[in-house]
Amino acid sequence: MPLVFLVLVVPILLGGGHLVSRVLRESFANSDARRAARTLNFTLLKDQLDEETGVRGFTSIADPEFLDPYAAARRDFPGKVSQLRGRLSLLAIPGAEALLDDAAGVNGQWLAQVAAPLLADPHTPEARVVQFRGKALIDRFRRDSERLDSALVAREQGDNRRLQSAIDNVSTLVFVAVSFVVLLAAVAAGAQSRLTARLEAARRRAEAEARANLELRTAFETEKRIADTLQDAFAQRPLPVVPTLVFSAAYIPATDETRVGGDWYDAVELGKGRVLFSLGDVEGHGIEAAVNMSRARQALISAALIDADPAAVLRRVNGYLQSAGRMATAVAGYADAVSYEFVYATAGHPPPLLLLPGRRPALLDCGGLPLGVLEDCVYRTRRVQAVPGAVLVLYTDGAVEHSRDVLEGEALLVQAARRALENNVTDLAASIRTEIFGGRQVGDDVAILTIGFAPGETTRMTFASNNAQGTVISGARGVGPVPSSGSLGAAA
Amino acid sequence: MSDATTLTVVKMDGELDIGRRAEIRHALAVEGNPSGVLVDFGDVTYADSSAISELLRFRNDLNRRGLPVALLIKSPQFKRLLEYAGVNEAFAVFDERGAALTYLGNAAS
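Residues numbered from 1 in each chain as written. Chains lettered and ligands numbered in written order. Predicted model: local features only at pLDDT ≥ 70, side-chain atom pairs only at ≥ 80, totals over all residues. Heavy atoms only, no water.

Student: When you look at the sheet that holds strand E1 (residues 8-16) of chain B in this model, what are you seeing that I'm missing?
Tutor: All names here are of chain B. Reading across the sheet, the four strands line up as E1-E2-E3-E4 and stay open at both edges, with parallel pairing between neighbours. Both outer strands of the open sheet, E1 and strand E4 (92-94), are each paired with one neighbouring strand and no more. The mean angle between the axes of side-by-side strands here comes to 25°, regardless of whether they run parallel or antiparallel. The strands touched by helix H3 (residues 76-84) are strand E2 (37-47) and strand E3 (69-73); relative to E2, the strand with the most contacts, the crossing angle is about 105°. (Pairing = 2+ DSSP bridges. Helix = DSSP H or I, 4+ residues; strand = E, 2+ residues; numbered from the N terminus. Axes fitted to C-alpha atoms, helices over the stretch in contact; angles between N-to-C directions. Contact = heavy atoms within 4.5 Å.)

Student: Explain the interface of chain B and chain A here, please?
Tutor: Accessible area lost on assembly of the parts is the figure often given for the size of an interface. Contact with chain B, which involves 30 residues of that partner, is made by 33 residues of chain A. Across the chain B/chain A interface, buried area totals approximately 2,700 Å², and carbon plus sulfur atoms make up 55% of it. Three residues stand out in chain B for area buried against chain A, namely B:Arg80, B:Tyr84 and B:Glu89, and they jointly supply 28% of the buried area on that side. Run the count over chain B and chain A and you get four salt bridges. Residue A:Arg404 is joined to B:Asp17 by a salt bridge in which the shortest nitrogen-to-oxygen separation is 2.9 Å. Broken down by secondary-structure element, the contributors of at least two residues to the side of chain B that touches chain A are E2, helix H2 (49-65), H3, helix H4 (87-90) and E4 of chain B. Tallying contributions element by element places H2(B) first for the side of chain B that touches chain A, with eight residues. Here the side of chain B that touches chain A is composed, by residue class, of eleven nonpolar, nine polar and ten charged. (Buried area = accessible area lost by both parts, 1.4 Å probe. Salt bridge = Lys/Arg side-chain N within 4 Å of Asp/Glu carboxyl O. Nonpolar A, V, L, I, M, F, W, Y, C, P; charged D, E, K, R; others polar.)

Student: When you look at the packing of helix H7 (residues 406-422) of chain A against helix H8 (residues 428-437) of chain A in this model, what are you seeing that I'm missing?
Tutor: A pair of packed helices can be characterised by two numbers: the angle between their axes and the separation between those axes. All names here are of chain A. Running from N to C, H7 and H8 cross one another at 130°; their axes reach a closest spacing of 9 Å. One finds that H7 runs oblique with respect to H8. Crossing geometry of H7 relative to H8 is assigned as right-handed. Taken together, the residues of H8 that come into contact with H7 (itself represented by Leu413, Ala416, Ala417, Arg419 and Ala420) are Leu428, Ser431, Ile432, Glu435 and Ile436. Residues of the contact of H7 with H8, tallied by class, amount to seven nonpolar, one polar and two charged. (Parallel < 35°, antiparallel > 145°, perpendicular 65-115°, else oblique. Left-handed = near helix turned anticlockwise from the far one by under 90°.)

Student: Teacher, can you tell me more about the pairing of strand E10 (residues 446-453) of chain A here?
Tutor: In regular strands, side chains alternate between the two faces of the sheet. Residues and elements named next belong to chain A. The buried fraction of E10 amounts to eight of the eight residues, a majority that puts the element mostly inside the structure. Both faces of E10 are covered, namely the face carrying Val446, Ile448, Thr450 and Gly452 and the face carrying Ala447, Leu449, Ile451 and Phe453. Taken together, the eight bridges between strand E1 (residues 245-252) and E10 define a ladder with antiparallel strand orientation. Within E10, the position partnered with Ser248 by the bridge is Thr450. Judged from the five bridges that link them, strand E9 (residues 391-395) and E10 form a sheet pairing that is antiparallel. Residue pairing for E10: Leu394 is matched across the bridge by Leu449. (Buried < 20%, exposed > 50% of the residue type's maximum accessible area, 1.4 Å probe, protein only.)

Structure (structure tokens):
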């Protein structure tokens, strides 16, 4: 834009300035010539008159002293005529040179026909006639001179008008040009600014869209990465390989979109033949539930490393979740490969299912408030004597609450476990899942973890099985109606 | 403090799940200073974990206020669910209204 302005305005201003200066220069030159011409014209008239006066004086008085002005005028006259001619030719005023020629001619005539006879004989009898002729010639000279002066004055006025008009024209031109350029510049600037604004708006929109897209993509990728990471961490956490213990696990997310839910299971070797197990369910679904689930399960493992007692472990985790404002249910404990015991505690969680070779599956005791709801909850550790081939089945509520009839759900689970045992399957958890759900869509997440003592160690089996029976029966609850427990209420 | 003649009854029925959480919370918001609260869940057949956590928080609130609560349960499925959650350890649970009222009457006096 500034370039356009320069390209348009600078030549106009330079051109206009040049024109004005030329007109002014011409005008000054003409003015000098005019002034000089007028002076010369006036001087010539004066010379002519001096000549005439001198001759007349000489004629009357006959004193040669009267002839001094005449002589001086006569001497200077031709040079002045030539100077005036030069000025007039410079000024080029039509008819002016002719007037000068006429005046010069008149002067010549006057000198020849008037001055010469009178100077020759001041008292000539024709003096009177000569005087009259002289007067006529002088009048003619005076007329010529006056006309020339008028022409010069007219020329001066014309020149002034021309100068004025030139200045006016140049001013107008410059004004118009500048206005035009300014208008053009304004229009262009307006267009430019509108274009700039549009471009800027378009750029901002594009940026905002790009940013929004990036945010969306980032958010999506982040969520997906978190989901995948959690899912992978969940799915890939390896079950321990311990002599005499056999594990299986299954996890069914609620839907494909929310692959990660709040359910978890863990089995971690603690050493000395003990394997920690935990399984639970954090309220909700999706990433938030998954994150809380991850915290809860880690808190549980951490607590288990500090405390060997499952009830104490749950108590610690309850405190942690309560301060975080998260609710969860869990069952946690350990399988002891040395003592052939399952030791566990539950917090608001469905009962573990115990499978003993040759016996009906039995749901064990449960109870204890869910984690993270109330402060200072007390949980109860329960011990179950196992035998080789004994399996503890842990599951989340989705496995028994899918029809919202929990008793029916328990019956189905027990049946599924029995079938799986009868079929002597290798992956018990997967088999139970299939028995319960088949190919059905699952409303809630479901996690199943089984911990079993390897069958076939005859000496131990004999030893342990004798020991086990009583403990198991006393700790287990059969499937069926639950006795009313109205009197337990005063707990607080 | 308590007015021996007034007893607040909270009654709900059907299946209590997360979709009814606000309703449950509203129903369990007992105001004033009654002699006791009877939570009549006799017609409730199911409660999910969110409903149970509301119930437990409610119990905690009334405990702090020193108000006796009786929980009336009839559906065996529901009773079993409360057993999972240890609610039967936290509440006085009854399967018969008369017994529940007697308990509240004794607690108030």
